[in-house]
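Here's the letter readout for the chains.
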Amino acid sequence: MKKSLILLVVALMLVLAACGSTTKKESGADKDAVAKKPEKSEVNLYTSRHYDVDNELYKKFEQETGIKVNVIKDEADVLIERIKREGTATKADLLLTADVGRLYRAKEEGLLQTVSSDILSKQIPEKLRDVDDMWVGLTKRARILVYNKDKVKPEELSTYEALTEDQWKNRVLVRSSESVYNQSLLASFIEINGEEKAKEWAQGIVNNFAQNPEGGDRDQAKAIAAGIGDIAIMNSYYFGQMLNSQEPEEVKVAENLGVFFPNQETTGTHVNISGAGVIKGSKNADNALKLLEFLTGEEAQGEFASANYEFPVNHNVAPSELLKSWGEFKEQDIPLSTLGENNAKAIMIFNEVGWK
Amino acid sequence: MFMDIKNLQFTYPKSTLNTVDNFSFTVEKGEVISILGRSGSGKSTLLRLIAGLEMPAGGAFSLNGKKMFCDKTFLQPEKRGIGMVFQDYALFPHMSVEENILFGLPKMSRKDKKKRAQEVLELVELIGFEKRYPHQLSGGQQQRVALARALAPEPELLLLDEPFSNLDTDLQVKIRGDLRRILKKAKTTAIFVTHNQNDAHALADRIVKIKDGKIEKIGRPCDLLGVSPTEIPGMVEITYEELIGV
Amino acid sequence: MNKHLANVNGWTIGAVLIIILLFLPNVSIVTGVFSPASENWTHIKEFMLLNYIKSSLTLVFFTALFTIAIGLSLAWLIAQYDFPLRNFMKWALILPLSIPPFIGAYTYHGIINYTGVIQKTLRNHFDVTPNPAYFDIMNVPGAIFIYTLFLYPYVYMITRIFLSHQSASLIESARTLGKGPLEIFFRVVIPISRVSIIGGASLVVLEVLNDYGVVKYFGIQTFSTAIFQTWFGLGDLDAAIKLAASLMGIVIFILVIERLLRGGKQFSYSTTKVRPLPLVRLKGRKAVFATLYTLVIFSVAFLIPILQLIDWVILTFGKVPMHDVLFYTKNSVIVAGLGAFLIIVFSLVVGNFSRVVNHKFAKILPKLTVLGYSIPGVVVAVAVITTFIALDRFLAPVYQYFGMDSELVLSVSLFMLISAYVIRFFAIGYNSIESGFDKIGTDFRDASRMLGANSLRTFFKIDVPMMKGAIISGFILVFVDILKEIPLTLILRPFNYDTLATKAFQYASDEKIMEASQASLLIVGVSTIAIFVFHKLLREEPK
Ligand SMILES: Nc1ncnc2c1ncn2[C@@H]1O[C@H](COP(=O)(O)OP(=O)(O)O)[C@@H](O)[C@H]1O
Ligand SMILES: [Mg+2]
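Residues numbered from 1 in each chain as written. Chains lettered and ligands numbered in written order. Predicted model: local features only at pLDDT ≥ 70, side-chain atom pairs only at ≥ 80, totals over all residues. Heavy atoms only, no water.

Overview of unusual backbone geometry
Comment: phi is negative for the bulk of residues other than glycine, and the bulk of peptide bonds are trans.
Residue and element names in this part refer to chain B.
Okay, step 1: You will see that asparagine 7, though not glycine, has its phi angle at about 50 degrees, which is positive.
Okay, step 2: Following the sequence through the fold, asparagine 7 ends up in strand S1 (residues 3-10).
Okay, step 3: The backbone of tyrosine 89 shows a phi angle near 70 degrees, a positive value even though the residue is not glycine.
Okay, step 4: Following the sequence through the fold, tyrosine 89 ends up in the loop between strand S6 (82-85) and helix H2 (97-103). (Helix = DSSP H or I, 4+ residues; strand = E, 2+ residues; numbered from the N terminus.)

This is the structure in C-alpha cells:
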C-alpha cells in the first residue's frame with residue numbers, strides 16, 4: 001500500500017517527462033555531417049547572445065524560409081560544455097557566441113564542422129572567417145576609449161599603451177578582468193606585443209586605476225560623469241545604447257563624453273566579433289547554413305547595426321548613423337582566433353598583476 | 001487462554017540490558033490487569049510490544065487464538081484489534097472530538113458510525129462535546145475522549161499507559177471509578193500500566209509487578225496489597241511495605 | 001534482522017531511491033576532488049584561492065550576522081507584540097525573498113548611481129553634486145547590504161513560525177518571573193529559537209556561497225568567482241569542479257558545526273498543549289517604534305526596489321516586447337509549481353522514512369542532500385547534464401523499442417530541468433518538512449495505527465493534515481526560489497522555453513536593467529501572490 005504512493009510519484013514523473021519533451025523528433029539516425037532530408041524544417045541554435053533584435057531576426061527567418069528556429073540561450077562556455085557532453089547525439093545545429101574566443105574554444109574541442117558557401121564568402125570578409133571555415137563572424141564591436149570632454153583633450157590620446165603613462169594616474173576606468181571583452185583585449189596585446197609587454201601594459205593600467213574595477217561597461221562611463229575618473233575603456237555598442245537610453249540622465253552622461261578610437265597610427269583598435277559555427281554531426285546543417293546566410297545578409301546586418309549599435313560584417317551594409325558619425329577606423333590586424341588562443345594566458349596575467 | 005505471551009524478549013538499539021526480558025504471561029477474557037513498576041522498569045515498552053509498535057527480538061504472543069507474533073509472523077499494529085490509550089492521550093488536534101472517535105471505526109454506514117460514537121460518548125459522559133477540539137477540553141475530558149476513542153472500535157484488548165498521571169488527585173479518583181465501571185460494562189479485557197498502587201488496587205483483577213523488564217510478582221490486589229496475604233502457587237510472598245516502596 | 005525491515009519497506013525503498021537520485025549528480029562533483037591537478041592548479045592556488053576565500057568568508061559571516069539580527073528581531077516583535085500594521089507586516093516582511101539578489105543589486109545600484117534617482121534629483125533640483133564615493137555600493141559592504149536585505153526572510157520566517165507556535169509557556173513563565181522584555185529576548189527567546197535561527201541562517205549562508213550574480217556585477221572576487229574564472233577564463237572545467245568540490249568540503253564542515261551547535265538540545269514539546277502565544281499590545285512610543293522599525297525594513301528591502309522597478313517598467317513601456325509575457329509567466333509558474341510539488345512529496349517520503357527508521361544513518365543522510373544547494377548552479381547543471389545523458393544512453397534500447405528515433409529524450413525534456421530543481425532545492429523543502437515531523441513526533445502516528453489505520457492512511461489523515469503549516473511553508477519557499485532560479489534554468493530548459501527569470505537575466509546580463517524590470521516585477525508579483533495565499537491558508541488552519 002505504501003508502494004502505491006511511490007508508484008504514484010514515479011508515474012507522475014513519467015507523465016511529466018512525456019509532456020516535457022516538447023521538442024520535435026529528428027529525422028532518421030542519419031549521422032552524416034550533412035543531413036539529407038530533415039523531416040521537419042528546423043534549426044536548433046545554442047546562443048550566448050541575448051538581444052531582442054536576434055529574436056526578431058529569427059522570426060523573420062522563419063517567415064521567409066519556413067524553417068523553425070529553436071533556441072537555448074546561456075553563457076557560451078556552458079553551452080559548449082553541454083554540446084561536448086551530448087556528443088554525437090546533440091540536437092544543437094549552430095553555436096552562436098558574442099566572443100570569438102569561445103568559437104575558437106569550440107573549434108579546439110572538435111565541436112564544429114566546416115561551413116562555406118559562395119554567399120557566405122561574398123557577405124563576410126575573409127578576415128572575419130575562420131581559416132578552416134569552422135566559424136564566421138556576424139557582427140563587430142570595438143573596444144574604444146571614452147573621455148571627459150572637459151578634462152581630456154583628444155590630442156592627449158593616442159593608444160591603449162599610452163594609458164599606462166604617469167599622466168593618467170588615478171584617472172583610468174575599466175571593468176573587472178572577468179569580462180570577456182577585457183580578456184580578449186589583453187589577448188590581442190599578447191599576440192601583437194608579446195607576453196612581457198602585455199603584462200607590463202596590464203600592470204600599468206592597474207597602477208593608473210581611478211578605482212577598483214566594479215560594475216559593467218556603462219558604469220565606467222557613469223563614473224567619468226561622476227568625476228571618479230577621466231577616461232574609460234568600454235565597448236562601442238554599450239556606448240551606443242547609452243546615447244539612446246530611455247533614461248534621459250544616461251543620455252546626458254553619454255553626450256558629455258568623447259569617443260576615441262585608439263591605436264589608429266599604430267596597430268589598430270581592438271575588435272571582437274559575435275560569430276557562429278555549425279556543430280559537427282548537425283542534423284540540420286543545411287538549415288544552419290541558411291540561417292548564417294540570412295544573418296549576414298543585408299537585411300539582418302542592417303538590423304544588427306541599427307538596433308544594437310554593432311558594426312556590420314557585411315561591407316554592403318553601412319553602419320548606423322551614430323556609428324558612422326564616429327568615422328571610419330583602423331582595426332587590429334591579427335587572426336581573430338588568437339584571441340581565443342591567448343585567453344587563458346590573459347587571465348593569468350590579470351591575476352598576477354592584481355586586476356580584479 | 002485469551003491472551004498468551006511466551007518468553008517475550010526486547011532490547012532498545014543502544015541499550016545493553018534487555019528492556020523486556022523473557023516475559024511470559026497469560027490473561028483471561030474480561031480480566032483487568034494492572035502492570036505495576038518503577039519508572040524505567042519497562043512497562044511502556046511492554047505495552048508497545050503487545051500493541052505491535054515495537055518489534056520483539058524473540059518470543060511469541062497470541063490473542064484470542066490469533067498469532068500476533070512468533071518466529072515467522074509479525075502482525076502490524078493496525079491489524080491486531082488492540083486499542084490503546086496513550087499517556088498524553090495523543091488526541092488528533094486537527095479533529096473534533098467526534099472526528100477523533102469516528103477515525104478508528106471500521107467500515108460501516110455513516111449512520112452506524114455516528115450511533116457508535118454517541119454510545120461511547122455516553123459511556124464516558126461527554127454527550128454534547130462532539131464538536132469541540134481537543135485543546136478546548138480539560139485534562140480529564142481529554143482523557144475520557146481518549147478512552148472513548150479507544151473503546152469505539154470494540155477492541156479485543158485495551159491497553160492504557162498511565163492513564164491518570166496527568167490528572168489531579170480528585171479527578172484521578174473519579175475517573176478511576178468511571179474507568180472500572182466502563183470496562184466492566186463493555187466487558188473489555190484491559191491491561192493498564194501504573195506506578196501508583198492505589199490505582200492498581202482500585203481497578204485491577206490481577207496485578208503484575210515488574211522490575212527491570214522481568215516479572216517480579218503476580219497476584220490479586222487483595223493478595224498483594226491486602227492485609228492478609230494468601231499463598232498463591234508459584235508466587236513469592238511480599239509485604240505491603242514492599243509494594244508501597246515501589 | 002529482516003523482520004525489522006518488514007516494518008519500513010515501502011518508505012525505505014522510496015526514500016533510499018530518492019536520496020540516491022539526489023546524490024547521483026553530486027557524486028560526479030565530489031569525485032572531482034580526486035582528479036589530478038592540472039597545470040593551472042598552481043596558478044589558481046597562488047593567485048585566486050586565498051584572497052577569494054577570505055572575501056567569501058567575510059561575506060558569509062557578516063551576512064549571517066545581520067540576517068540573524070534583523071530576522072530574529074522582526075520575528076520576535078511580530079510573534080510577541082501587537083502594534084499598528086502588525087498584521088500586514090507579518091506576511092509582508094517575507095516579501096523581499098521574492099526579489100532575486102542580483103536584481104536587487106542592479107536595482108539598488110540603479111537607484112544610487114550617478115544617473116540614479118537620488119543623485120539625479122540632488123543635481124537637477126537642488127544643485128547639489130555630492131561626492132560619488134558616498135554612493136558606491138559595489139564593494140564588500142554593499143554586497144553584504146544586498147544579501148542581508150533579500151535573504152533575511154529565511155531567518156525571519158522560520159523563527160517566527162517557531163516562536164509563535166512553540167514558545168508560549170516558556171515566555172509566559174519568564175514573564176511571571178518578572179523578567180523584562182530585553183532580558184526575556186536574550187535569555188529565553190534566543191536560546192529556545194536557536195535551532196530555527198541556525199536553520200534559517202544556514203540557508204542564507206548557502207545562498208551567499210553559491211551566488212555569482214551579485215559578486216560578478218560588483219566586481220568582488222569570491223569563491224564562486226574563482227570557479228567561474230577557472231572554467232570560463234582558463235577553460236579548465238576539471239579544475240573548476242575541483243574548486244566546487246572543495247566548496248562542498250567547506251559546506252560539510254559548516255553542516256557538522258551546525259549539528260554540534262544543535263547538539264542534543266532539541267527542544268521538544270508535547271504537541272497537544274501547543275497553543276499560540278497571546279500578543280502583548282504595545283502602546284505609545286513603543287508602538288511607534290515597532291511600527292517604524294518594521295516599516296523601515298520593509299521599505300528598504302521591498303518597497304523602494306519595487307518602486308524603482310515600476311518606474312523602469314513605465315520608462316521602457318512599449319520598448320520591451322510584451323507579447324510573450326503570458327507565456328513566460330505560465331512557464332515560470334509551471335516549473336516552479338511542479339518542482340515545489342515534487343520536492344514536498346519527496347521530502348515527506350524521506351522525512352517519514354527518517355522518522356520511522358530510528359537510525360542515525362536515516363537522520364544524517366537526508367541532511368547531506370543540502371550539498372546540491374551549496375555550490376554554484378552552473379556546476380550542478382553540468383553534473384545534471386552528465387547524469388541525464390548517461391541515463392539517455394542507458395535507456396537507448398528502450399527508446400528504440402518504442403520506435404523513437406532520437407538518442408536524447410530525457411535530456412532534452414523539461415524532465416531534466418525539473419529534476420535539477422529537485423536536486424538543488426530539496427534541502428529547502430526538506431528543512432521545513434523535517435521540522436514539521438519533529439514537531440508532531442510519533443505519538444499521533446502510533447495512536448492512529450492503534451485505531452486500525454495503516455501506514456498510508458495514517459500518513460494522509462494524520463501526518464499530512466497536522467503538518468499543513470510545514471508543508472505549505474516548504475512549498476512556498478521552494479516555489480519562490482525556483483521562480484528566481486537562473487543558471488539551471490538557462491542551460492537545462494528545452495528549446496525555446498523562456499521563463500520570467502531567464503528573461504530578466506537576458507536583459508540584466510547585458511546591462512539593460514531597465515528592460516529587465518518588467519520580468520523582474522512579474523517574478524515579484526507571482527511570488528507575492530504565492531506568499532499571500534500561504535499566509536491566508538495558514539491563518540485558516542485550526543489551532
Ligand atoms: N526509544 C528508546 N530508546 C532507547 N531506550 C529506551 C527508549 N524508550 C525507553 N527506553 C529505555 O527503556 C527502559 C524502559 O522504558 P519504559 O518502558 O518507558 O519504562 P516505564 O514505562 O516503565 O517507565 C528505560 O530504561 C528507558 O530508558
Ligand atoms: Mg512509561
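Description of the site of ligand 1
Residues and elements named next belong to chain B.
Okay, step 1: The environment of ligand 1 is formed by Tyr12, Thr19, Arg38, Ser39, Gly40, Ser41, Gly42, Lys43, Ser44 and Thr45.
Okay, step 2: Tyrosine 12 is positioned with one of its side-chain polar atoms (N or O) 3.5 Å from a nitrogen atom of ligand 1.
Okay, step 3: In isolation ligand 1 exposes 560 Å². Once the protein is present, 56% of that is buried.
Okay, step 4: Classifying every residue of the shell around ligand 1 gives one nonpolar, seven polar and two charged. (Near = heavy atom within 4 Å. Polar contact = N/O pair within 3.5 Å; in protein donor to acceptor, adjacent residues only side chain to side chain. Areas by Shrake-Rupley, 256 points an atom, 1.4 Å probe, with all protein chains shown as cover. Nonpolar A, V, L, I, M, F, W, Y, C, P; charged D, E, K, R; others polar.)

Quick word on the pairing of strand S3 (residues 32-36) of chain B
For a regular strand, side chains alternate in direction, first toward one face of the sheet and then toward the other.
Residue and element names in this part refer to chain B.
Okay, step 1: The buried fraction of S3 is high, at five of five residues.
Okay, step 2: Of the two faces of S3, the one holding Val32, Ser34 and Leu36 and the one holding Ile33 and Ile35 are both buried throughout.
Okay, step 3: As defined by bridge partners, S3 adjoins strand S9 (residues 206-211) across four bridges and the pair is classed as parallel. From the neighbouring strand, serine 34 faces S9, where its bridge partner is isoleucine 207. (Buried < 20%, exposed > 50% of the residue type's maximum accessible area, 1.4 Å probe, protein only. Pairing = 2+ DSSP bridges.)

Overview of the sheet that holds S6 of chain B
Residue and element names in this part refer to chain B.
Okay, step 1: Strand order in the open sheet made by the six strands is S6-S7-S8-S3-S9-S10, with mixed pairing throughout. The two strands at the open ends of the sheet, each matched to only one other strand, are S6 and strand S10 (214-219). When strand polarity is set aside, the average angle formed by the axes of neighbouring strands in this sheet is 20 degrees.
Okay, step 2: In the packing of helix H4 (residues 139-151) onto the sheet, the strands contacted are S6 and strand S7 (157-161), and the crossing angle to S6 comes to about 175 degrees. (Axes fitted to C-alpha atoms, helices over the stretch in contact; angles between N-to-C directions. Contact = heavy atoms within 4.5 Å.)

Observations regarding the pattern of salt bridges
Proximity of charged atoms lets side chains of opposite charge pair with each other.
Okay, step 1: Enumeration according to the criterion identifies 45 salt bridges over all chains in this entry.
Okay, step 2: The shortest N-O distance in the salt bridge between aspartate 498 of chain C and lysine 73 of chain A comes to 3.7 Å. On the criterion of chain membership, the pair formed by aspartate 498 of chain C in the loop between helix H22 (487-492) and helix H23 (500-508) and lysine 73 of chain A in strand S2 (residues 68-73) is interchain, its members lying in two chains. Neither aspartate 498 of chain C nor lysine 73 of chain A differs from the other in exposure class; each is buried.
Okay, step 3: Glutamate 321 of chain A is the salt-bridge partner of lysine 324 of chain A, the closest N and O atoms lying 3.4 Å from each other. Separated by three residues within a single helix, lysine 324 of chain A and glutamate 321 of chain A lie in helix H12 (residues 321-325), roughly one turn from each other.
Okay, step 4: Residue glutamate 321 of chain A is classed as exposed on the basis of its relative accessible area, which comes to 61%.
Okay, step 5: Three or more residues are tied together by salt bridges with common partners; here these are Arg49, Asp54, Arg141 and Glu310 of chain A. (Salt bridge = Lys/Arg side-chain N within 4 Å of Asp/Glu carboxyl O.)

Examining the interface of chain B and chain C
Okay, step 1: Taken residue by residue, the interface counts 30 residues in chain B and 25 residues in chain C.
Okay, step 2: Between chain B and chain C, the buried area comes to about 2,500 Å², and carbon and sulfur atoms account for 64% of it.
Okay, step 3: It is Met55, Glu78 and Phe103 of chain B that lose the most area in chain B upon contact with chain C, and together they represent 27% of the buried surface on that side.
Okay, step 4: Counting the contacts that link chain B with chain C gives two salt bridges.
Okay, step 5: In this structure, the salt-bridge partner of aspartate 446 of chain C is arginine 48 of chain B, at a minimum N-O distance of 3.0 Å.
Okay, step 6: Where chain B touches chain C, the interface holds five residue pairs in polar contact (both at pLDDT 80 or more).
Okay, step 7: For the side of chain B that touches chain C, the secondary structure elements donating two or more residues are helix H1 (43-51), S6 and H4 of chain B.
Okay, step 8: Within the side of chain B that touches chain C, the residues separate by chemical class into 18 nonpolar, six polar and six charged. (Buried area = accessible area lost by both parts, 1.4 Å probe.)

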